[in-house]
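What follows is each chain in one-letter form.
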Amino acid sequence: MDELLEILNELHSDVDYGTCETLIDDKILDSFDIITIVTEVNERFDVKIPATELVPENFNSAKALWALIERLDEA
Amino acid sequence: MQIRNVLQYLENTVKRVPGKTAYEDGEGRSLTFAEVYEKSRAAGSFLAREGVYGEPVVIFMEKTPDQVAAFFGTVYGGCYYVPIDEEMPKLRTDLIIGTLKPKIMICDESTAGKAEEFDFDGRIVLWSEISKTPEDEAALTRIRDRQIDTDPIYIVFTSGSTGVPKGVIACHRSVIDYIENLSEVMGFNEDTVFGNQSPFYFDACLKELYPTIKFGAKTVIVPKQLFMFPLKLVEFLNEKKINTVCWVVSALTMISAFGVFDEVKPEYLKTVAFGSEVFPIKQFRIWRQAMPDTVFTNLYGPTEATGMSCWYRVDRDFEEGQSIPIGRPFNNTEIILLDDKDCRADEGEICIRGTAVTLGYYNNPEKTRESFVQNPLNDNYPEIIYRTGDIGRYNERGELEFISRKDYQIKHLGHRIELGEIEANVSTVDGIKSCCAVYYKEKDKICLYYVGDIEKADLSKTLKGMLPRYMLPTVITQLDMMPLTPNGKINRKYLGDKASGKAE
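Residues numbered from 1 in each chain as written. Chains lettered and ligands numbered in written order. Predicted model: local features only at pLDDT ≥ 70, side-chain atom pairs only at ≥ 80, totals over all residues.

A.B. asks: Could you clarify how one ought to interpret the overall build of chain A in this entry?
C.D. replies: Scanning chain A from N- to C-terminus turns up 3 helices and 0 strands. Seen in sequence order, chain A has helices and strands lined up from the N terminus as α-α-α. A globule of 75 residues ought to have a C-alpha radius of gyration of about 11 Å, and chain A, at 11 Å, matches this closely. Referenced to the eigenvectors of the C-alpha coordinate spread, the extents of chain A come out at roughly 30 × 25 × 20 Å. Going through the 75 residues of chain A one by one, you find that 19% of them count as buried. Contacts spanning at least 24 positions in sequence make up 62% of the contacts within chain A whose residues lie at least 6 apart. (Helix = DSSP H or I, 4+ residues; strand = E, 2+ residues; numbered from the N terminus. Rg over C-alpha atoms; globule rule 2.2 N^0.38 Å. Buried ≥ 20, exposed ≤ 12 C-beta atoms within 10 Å, placed from the backbone. Contact = placed C-beta atoms within 7 Å.)

A.B. asks: What is the right way to read the overall build of chain B from this model?
C.D. replies: Across its full length, chain B carries 16 helices and 26 strands. Relative to its length of 504 residues, chain B is compact, with a C-alpha radius of gyration of 23 Å against a globular reference of 23 Å. Counting only C-alpha atoms, chain B reaches 70 × 60 × 55 Å along its principal axes. By the burial criterion, 47% of the 504 residues in chain B qualify as buried. Put simply, 65% of the contacts in chain B that link residues at least 6 apart link residues at least 24 apart.

A.B. asks: Whenever I open this one, the interface of chain A and chain B confuses me. Can you help?
C.D. replies: Taken together, the contact pairs 13 residues of chain A with 16 residues of chain B. Residues belonging to the side of chain A that touches chain B are distributed by class as follows: 7 nonpolar, 4 polar and 2 charged. (Nonpolar A, V, L, I, M, F, W, Y, C, P; charged D, E, K, R; others polar.)

A.B. asks: Just to check I follow, could you spell out the pairing of strand S22 (residues 409-412) of chain B for this structure?
C.D. replies: In regular strands, side chains alternate between the two faces of the sheet. Residues and elements named next belong to chain B. Of the two faces of S22, the one holding Gln409 and Lys411 and the one holding Ile410 and His412 are both buried throughout. Where S22 lies against strand S23 (residues 415-418), 4 bridges are found, and the strand directions are antiparallel. Of the residues in S23, the one forming a bridge with lysine 411 is arginine 416. Hairpin geometry of S22 and S23 is characterised by an intervening segment of 2 residues between the two adjacent antiparallel strands and by a positive phi of about 50° at leucine 413. (Pairing = 2+ DSSP bridges.)

A.B. asks: Looking at this model, I keep getting lost on the nonpolar core. Mind explaining?
C.D. replies: Across soluble globular proteins, nonpolar side chains have a tendency to be buried as a group. Residue and element names in this part refer to chain B. Formed by 140 residues in total, the largest nonpolar core has its most connected members in Val36, Ile59, Phe72, Val82, Ile106 and Val175. The element that contributes the greatest number of residues to this core is helix H2 (residues 33-49), accounting for 8 residues. Aside from chain neighbours lying at most four places away, what touches valine 36 is Leu10, Ala22, Leu31, Val68, Ala69 and Phe72. Ranked by size, the runner-up nonpolar core spans 21 residues in total, among them Ile417, Tyr439, Cys447 and Leu459. (Core = buried A, V, L, I, M, F, W, Y, C linked by C-beta atoms within 7 Å.)

A.B. asks: Help me understand the packing of helix H1 (residues 7-16) of chain B against H2 of chain B, please; the structure alone is not making it clear to me.
C.D. replies: Each pair of packed helices can be described by the angle between their axes along with the distance between the axes. Residues and elements named next belong to chain B. Look at H1 against H2: their axes get within 9 Å of each other, and the N-to-C directions meet at 135°. With respect to their mutual orientation, H1 and H2 come out oblique. Relative to H2, the crossing made by H1 is left-handed. Across the interface between the two elements, Leu10, Thr13 and Val14 from H1 touch Phe33, Ala34, Val36 and Tyr37 from H2. Among the residues making up the contact of H1 with H2, the classes are represented as 6 nonpolar, 1 polar and no charged. (Axes fitted to C-alpha atoms, helices over the stretch in contact; angles between N-to-C directions. Parallel < 35°, antiparallel > 145°, perpendicular 65-115°, else oblique. Left-handed = near helix turned anticlockwise from the far one by under 90°.)

A.B. asks: Before we go on, may I ask you to explain the pairing of strand S10 (residues 218-221) of chain B in this structure?
C.D. replies: All names here are of chain B. Alternating positions in S10 separate into two faces, Lys218 and Val220 on one and Thr219 and Ile221 on the other, with burial throughout. Here strand S1 (residues 21-24) pairs with S10 via 2 bridges, running parallel. Looking at the pairing, glutamate 24 lines up with valine 220 of S10. As paired strands, strand S9 (residues 193-196) and S10 are joined by 4 bridges and run parallel to one another.

A.B. asks: Just to check I follow, could you spell out the sheet that holds strand S26 (residues 475-478) of chain B for this structure?
C.D. replies: All names here are of chain B. Taken in spatial order, the 3 strands line up as S24-S25-S26 in an open sheet, and their pairing is mixed. Two strands bound the open sheet, and with one partner strand each, they are strand S24 (432-440) and S26. In this sheet, neighbouring strand axes are inclined to one another by 20° on average, regardless of whether the strands run parallel or antiparallel.

A.B. asks: What exactly am I supposed to notice about the domain arrangement of chain B here?
C.D. replies: Think of interface size as the accessible area that goes away when the parts come together; that is how it is often given. Residues and elements named next belong to chain B. Assigned domains of chain B: these are domain 1 (1-147) and domain 2 (409-499). Domain 1 and domain 2 are separated by 37 Å when their C-alpha centres are compared. The partner domain 2 presents 5 residues to the 5 residues of domain 1 that form the contact. Taken together, the residues that form the side of domain 1 that touches domain 2 break down as 3 nonpolar, no polar and 2 charged. (Domains from an automatic or database assignment.)

A.B. asks: I keep staring at unusual backbone geometry and nothing clicks. Help me out?
C.D. replies: Keep in mind that most residues, glycine aside, have a negative phi and that most peptide bonds are trans. Residue and element names in this part refer to chain B. Backbone geometry places lysine 101, a non-glycine residue, at a positive phi of 45°. Following the sequence through the fold, lysine 101 ends up in the loop between helix H4 (90-100) and strand S5 (104-107). Although it is not a glycine, aspartate 342 sits at a positive phi angle of roughly 60°. Position of aspartate 342 relative to the elements: it lies in the loop between strand S16 (333-338) and strand S17 (347-354).

A.B. asks: Can you help me understand the confidence of the model for chain B in this one?
C.D. replies: Per-residue pLDDT for chain B has a mean of 92; in total, 97% of the residues score no lower than 70. Scored as a complex, the prediction yields pTM 0.85 and ipTM 0.79. (pLDDT = per-residue confidence, 0-100.)

A.B. asks: For this particular structure, what's the right way to read the environment of arginine 4 of chain B?
C.D. replies: Residue and element names in this part refer to chain B. Tracing the chain through its elements places arginine 4 in the segment before H1. Overall, arginine 4 belongs to the partly exposed group, with 14 C-beta atoms counted inside 10 Å. Distance from arginine 4 to methionine 308, taken between C-alpha atoms, is 20 Å for residues 304 residues apart in sequence. When sequence neighbours within four positions are dropped, the list of residues in contact with arginine 4 reads Asp149 and His172.

A.B. asks: Any chance you could explain the packing of H1 of chain B against helix H9 (residues 206-215) of chain B here in plain terms?
C.D. replies: Residue and element names in this part refer to chain B. Between H1 and H9, the shortest axis-to-axis distance is 6 Å and the interhelical angle comes to 45°. What the angle tells us is that H1 and H9 run oblique. On H9, the residues that touch Tyr9, Leu10 and Thr13 of H1 are Tyr210, Ile213 and Lys214.

A.B. asks: Explanation requested: the environment of tyrosine 394 of chain B in the structure shown.
C.D. replies: Residues and elements named next belong to chain B. By the secondary structure assignment, tyrosine 394 is in strand S20 (residues 384-394). Each C-alpha atom of the pair tyrosine 394 and glutamate 347 lies 6.8 Å from the other, and the pair is 47 residues apart in sequence. The residues touching tyrosine 394, leaving out its near neighbours within four places in the chain, are Asp346, Glu399 and Leu400.

A.B. asks: Quick question: what am I supposed to make of the environment of phenylalanine 236 of chain B here?
C.D. replies: Residue and element names in this part refer to chain B. Examined against the element boundaries, phenylalanine 236 turns out to sit in helix H10 (residues 230-239). Given 18 C-beta atoms within 10 Å, phenylalanine 236 falls into the partly exposed group. For the pair phenylalanine 236 and glycine 26, spaced 210 residues apart in sequence, the C-alpha to C-alpha distance is 8.6 Å. Not counting chain neighbours up to four residues away, the residues in contact with phenylalanine 236 comprise Gly26, Val222 and Leu226.

Here it is as structure tokens:
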């Protein structure tokens, strides 16, 4: 989780990722961020986020994103 | 009859298909050709009533069908529109306003509040009000009689290396020339349904907005958020029966890179144009394989030549490592490759000659003189060509290929960026001693190195208020000292290698 927060903090250091659950809905993350996150996550966690998982629900909070990484890691 | 005013496209079409939808977005907002016509004539009548003519009018509105009507309304008033974006940082907007000194800014309810904060002493007017001005036919006719085809219709701002954006100003004749030739090459017609991706504050949206009024076609504004979620994006294309897209490469690779084609395919999509960036061959092959009946066209051109100047219709397979050519110029445009002695060469700077070359940079004679120059091959009469600063060559098939930028201008996620503009802005931040922005091409990252007494996080936060989103560095690194070359300049090559992991 720390490594994920590092990626996110690099993008927006002013966001409280511990509590924010509207990263997409409130337009905090934009398409540039999503591309960066997906690239970094794929690289650092050695997973592959498929198109079907690339949906707003998985990116609205750090928690949801972490759950996605864990889910992909187990698969 | 020869078209000499872009509004004639609209006037011809509205007679034919007044009730047809011209522009719509993802939230159910739409305008028919008749509505576009009426609203834009109303706005033109408003400008006439206020005595505003031959001046820049800033359009600060949400990206909606009404914004397009505001563009045409400005042209009906004999003025030229300057779209600015909601998400543009205040500093940049203020620089643009300082360059233009506009008297009028057209806003909608969602932007009017923000407009109050700008460094702007003109008048803010609401679109919802001015688009209901009673039509003054006599005034609009007087304006039309005065207008000639070299009168400007818009200004769009591009990145400038000194930190000040440059306003490219284009006239009716250039836009008409571009739209006629582009449409012929692409085969647009009345049944074309465009899926618009490009922001309205770039020339790239001309490709959709003008053929729509020329043919009575339709443009669907694709919601920006969908470009993060490729599966939903393709579902939207299908729902709206979109058959034509002219997108930046990164929007297309978003779809192919995530294996979306395994789940769903864009069923109606028959025409794909791309440009502004090199298409990675691996991704391109996924597209071609998934969409064997779709025609793919690579477009190339600078804002200074009204959008696109060259085209190549993909007619063969490419191997990884090869690049897709930019092909050949549109009709009525000539490409001249000039070597460093300004002689015609097989490899050299891409220079453009033709009606599509725009009028120059607004209120910036110095920068205009640097790039809009006398054709060095002609000593006999005045003739302006535009020097792109791009290097090109002819391949063995006689097709034009793009090689690279001459200077530090880069293409990042489809946007043209001067690394110097990023540096100029970073340098103004308190605590910064020196900085250098480099581009890590393989990963499409902008890496900023700096020396100074400011925390990385604070710098990143400050930059968000100064630079547009696409210009923000992807990675910021603080250094104790800047690496220098033997003659004391910042060692860009070393930092470039460092960014790409080739040097420690």
